[in-house]
Every structure is written in structure tokens, then in C-alpha cells.
Amino acid sequence: MQDQPPSRPPTSFLKACFAPRRLLINTALFLYCLALFLLFDFLYSAFTTGQERERIARVADAVYDHGLAANFDGYDIWGEARYPLFTNSLGFKDGSVREVPLKAGSRRVLLIGDSFTEAIGTPYENTFVGLLNRAGDERAERVEFLDAGVASYSPSIYYKKVKYLLDRGLQFDEVVLLSDSSDVEDEATSYFCIDDDPKYQKFCTTTPGTHPPASPIKRDFFIDHFAVTNRVRITLKRWVQSAIGNRRRAIEHDHNRIGWTAPNPDPAHYQPLGIDGGIARSLQNMTRLSDLLASHGIPLTIVVYPWAQQIAQNDRDSRQVRLWRDFCPTHCKVFIDLFPAFFAAADADKDWYERLYILGDDHFSIAGNRMLFEELAKRLLR
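Residues numbered from 1 in each chain as written. Predicted model: local features only at pLDDT ≥ 70, side-chain atom pairs only at ≥ 80, totals over all residues. Heavy atoms only, no water.

What follows concerns the pattern of salt bridges. This structure, assessed with the given rule, holds 24 salt bridges. Put simply, K160 and D196 hold a salt bridge, and the shortest N to O gap is 3.1 Å. Remark: D196 occurs in the loop between α6 (183-189) and α7 (198-201) and K160 occurs in helix α5 (residues 155-168); sequence separation between them is 36 residues. Overall, the relative accessible area of 44% leaves D196 in the partly exposed class. A salt bridge links D351 to K350, with the nearest nitrogen and oxygen atoms 3.4 Å apart. For D351, a relative accessible area of 37% puts it in the partly exposed group. Looking at K350, the relative accessible area reads 70%, which means it is exposed. Connected via shared salt-bridge partners are K160, E187, D195, D196, R281 and R288. (Salt bridge = Lys/Arg side-chain N within 4 Å of Asp/Glu carboxyl O. Helix = DSSP H or I, 4+ residues; strand = E, 2+ residues; numbered from the N terminus. Buried < 20%, exposed > 50% of the residue type's maximum accessible area, 1.4 Å probe, protein only.)

This is the structure in C-alpha cells:
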């Protein structure tokens, strides 16, 4: 048997790796690879950015204040994330640019709500509406789901937009409205210019369609030109935030946009109408919507769901739930309360926030959208 050559001790190996010449070579190779990665990322980002530089996805509207541009094919930015966005001929978020006929060829359900219903920051195929539409396509009796939701919508816009769509001749068999806990604040403070009621019109101080979500998004050079690097950075950042747990602790005391559902809300956030005025206006516009749909023989379903803050603060029988639970017996076909399902998921998983919500944000993650889909499919695809 031949003698084996003596193995190099670990210290010798480390010394060789960190020898000045070897260290210089390794550093140069690393910088070369990094430069290539950034170059290819820059070229990829420049190639995919394209259209949204000339055309913005979010536009003003004189009838219902703001919406999404029709037939948009590009990218949108939400926070630090850049994601693909497509809209159809109606200006609804969709899986691709396509023409939606006004007359439905099968059962058609119109979903409307705010940024949770738009699923802002998430590509359509991973949203609960996209999943519902795919499941509806696979049924023997096809069901089409259209997503009319847009960030910062509230009852004033729900009513005006649905009326606009009906006046335009769009046919649908049911409206599923996902009422958000931020709606009351919006009704107390915004959209007075599109309201037909004179007592709200008097608060109009701006031109309809000038609400911030209708304005061009603020471009970011790094996000626009280094999309892949930015995605890696966000992934690492959220991993660190999850490990530290500071984002999780922050929602235990965060009442932003949902303060009216919590004890001792700040009245300054609800001017000029106040919380009671925001609730009254919400009920008025939802009643108008219900009456409008009833005149066309279209049933209304209202869905409520919790923000992460409401789960963290154990708001199980929320004021948001009670408001629409009491409203629905005389105005809705069905009331769907998803608070119990999400609280049950949170009770069963200590990492529910990191799994169901976008870390550092209020909106549902891909997993949260899937859960929303599964719960709604039980009621809408029976």
C-alpha cells in the first residue's frame, strides 16, 4: 500500500486562502462577477421597464375619482417592490391585456374593494381574484371573476364605479364587495367631489381625480434599473426583519387607518366628518349601491377580513364586522365574515404574520391571498 500524502492542516489552508496574493485574486474575481451581475440586471431591467415610463398605470377619473389605465402592460411599484401589472379593456387588473365583452358569455361575478382586492404589489396570477378566475375557468359551468378593486377605494367610489359600469352596459350576475377597515376613514375625509349629496359636496376643495393614488407613482432609479438586485435586497431585508421580530411587534400597537375600530381613536384622523360621520356616509353610499343593484336584479355580497393589526390586537368581534353584519340582513344576499378563519390560522401558527401578510406592510402575502381564495371559493364556487 502506498503511503498517503500528509493532509494540510486547516490553519495552512486558511493561510493560503487569505494570503495577500490569493486574497487579491479572490476579491478581483468577486468584483468581476458582481459587475457582470449588475450589468445583466441593468440590461434586463431596461428591457422590461419599457412602457410604464411613457404611461402610468394609475389614472384620475372624473366620475369615480381614480382607477387603473385600460390595456396597461408594464410594471408598477408598491413600496420597494416592482411587479408586473396588466389591465384589461375595462381598466381592471388581469392576467394579460385583453378585451372584455360587455355582455357575459357565462356567469360573471364582479369583485370590488380597495388595495386588498386589487392585491397591490402582487402579480395577478398569485392574487385571490386570479385564483378564483382560474378555478372558475375549470368548471363545467364557467364562472368569470372580474377585479374592479383599486387602492384607496371606499363606499363613495364603490357606488359611483358600479353605477358607471352598469350605465356603460357591462353585464354581471353578482357583486362581491370586500369592505376594508380603512373605508370609514376614507369616507370621513375624502372623495367629496364625486358625491351627489350636497351636504358632502360642500367639502369639495379639489378637482375629482386628484387623490394621491391617481397621481403618477414616484420613480426610483435603483428599483427601475436594478430590479433583480432590488428583489434580492428585499428578500434579505425581510429575512432579517423576521429574525429580529421588530415588524411583528410594531403591529401590536399600530392603529393607522383602522383606528375607528379600536378604543380611543384619534379624532384628528377623521376630519371633517368625524368617525360617526364617516360611518353614516359609508352606510348611505352602501345603501345606494344596494338599491342600485336591486333595481337591476343583481345580488350584493359583502365580505370582511382582518388586517394583521386586528389579529395582533385580538380584535375578534371587530366594530368593522358588526357594522356590516348588521347592515346585510336587509341589503345583501350574503354576509361573509373571514375574521374567524384568519384568527384560527393565527391561533394555529405563531408565525402567521410572516406567512399571511407582507412583512412590514398591511396587505396579504401570496399565502394570504391563497387563503382568501380558499375561503371565498367555498362560498362563491359551490
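Within the secondary structure, E144 sits in strand β7 (residues 143-147). Given the relative accessible area of 5%, E144 is considered buried. Look past the residues within four positions of E144 in its chain and what remains in contact with it is R98, V100, S106, R107, R108, V109 and N133. (Contact = heavy atoms within 4.5 Å.)

On to the nonpolar core, then. Of all hydrophobic cores here, the largest spans 87 residues; its most connected members are L132, F172 and L376. For L376, the residues in contact, after removing those within four places along its chain, are F128, L132, L178, V303, I336, L338 and L381. By size, the runner-up hydrophobic cluster in this structure holds 6 residues, among which are A57, F72, Y83 and A151. (Core = buried A, V, L, I, M, F, W, Y, C linked by side-chain atoms within 4.5 Å.)

Structurally, the position occupied by D317 is in the loop between α12 (308-312) and α13 (319-327). In this structure D317 comes out as partly exposed when scored by relative accessible area, which is 42%. If sequence neighbours within four positions are ignored, D317 has contacts with R322 and R325. Within polar-contact distance, the side chain of D317 engages the side chain of R325 at 3.5 Å. (Polar contact = N/O pair within 3.5 Å; in protein donor to acceptor, adjacent residues only side chain to side chain.)

Turning to helix α16 (residues 366-380), a few remarks are in order. Here α16 is 15 residues long and its end C-alpha atoms lie 20 Å apart, about the 21 Å a rise of 1.5 Å per residue gives. All of the buried residues in α16 are G368, N369, M371, L372, F373, E375, L376, A377 and L380. Where α16 begins, the side chain of S365 points an oxygen toward the backbone nitrogen of A367, at a separation of 3.3 Å. (Expected span 1.5 Å × (residues − 1).)

Turning next to the state of the cysteines. Here a disulfide denotes one covalent bond, and it connects the sulfur atoms of two cysteines. For the coordinates displayed, the defined rule picks out 2 disulfides. The disulfide partner of C193 is C204, and the gap between their sulfur atoms is 2.0 Å. Here the disulfide of C193 and C204 is right-handed, its torsion about the S-S bond being about 95°. One end of the pair, C193, is in the loop between α6 and α7; the other, C204, is in the loop between α7 and α8 (221-225), with 11 residues separating them in the sequence. Two residues share a disulfide in this structure: C328 and C332, whose sulfurs sit 2.3 Å from each other. What sets the handedness of the C328 and C332 disulfide is the S-S torsion sign, and at about -70° it is left-handed. Side by side, C328 and C332 carry an identical accessibility label, which is buried. Bonded cysteines in the chain are paired 1-2, 3-4 when counted in the order they occur along the chain. (Disulfide = S-S within 2.5 Å.)

So, about the packing of α5 against helix α11 (residues 274-295). Remark: α5 packs on α11, axes separated minimally by 8 Å, with the N-to-C direction vectors making an angle of 20°. Here α5 is positioned roughly parallel relative to α11, judged by the angle of their axes. Where α5 crosses over α11, the two elements pack in a sense that is left-handed. Each of P155, S156, Y158, Y159, V162, K163 and L166 in α5 lies in contact with α11, whose residues at this interface are R281, S282, N285, M286, R288, L289, L292 and L293. Classifying every residue of the contact of α5 with α11 by side-chain character gives 9 nonpolar, 3 polar and 3 charged. (Axes fitted to C-alpha atoms, helices over the stretch in contact; angles between N-to-C directions. Parallel < 35°, antiparallel > 145°, perpendicular 65-115°, else oblique. Left-handed = near helix turned anticlockwise from the far one by under 90°. Nonpolar A, V, L, I, M, F, W, Y, C, P; charged D, E, K, R; others polar.)

The quantities given are spatial measurements derived from coordinates; they are silent on function.
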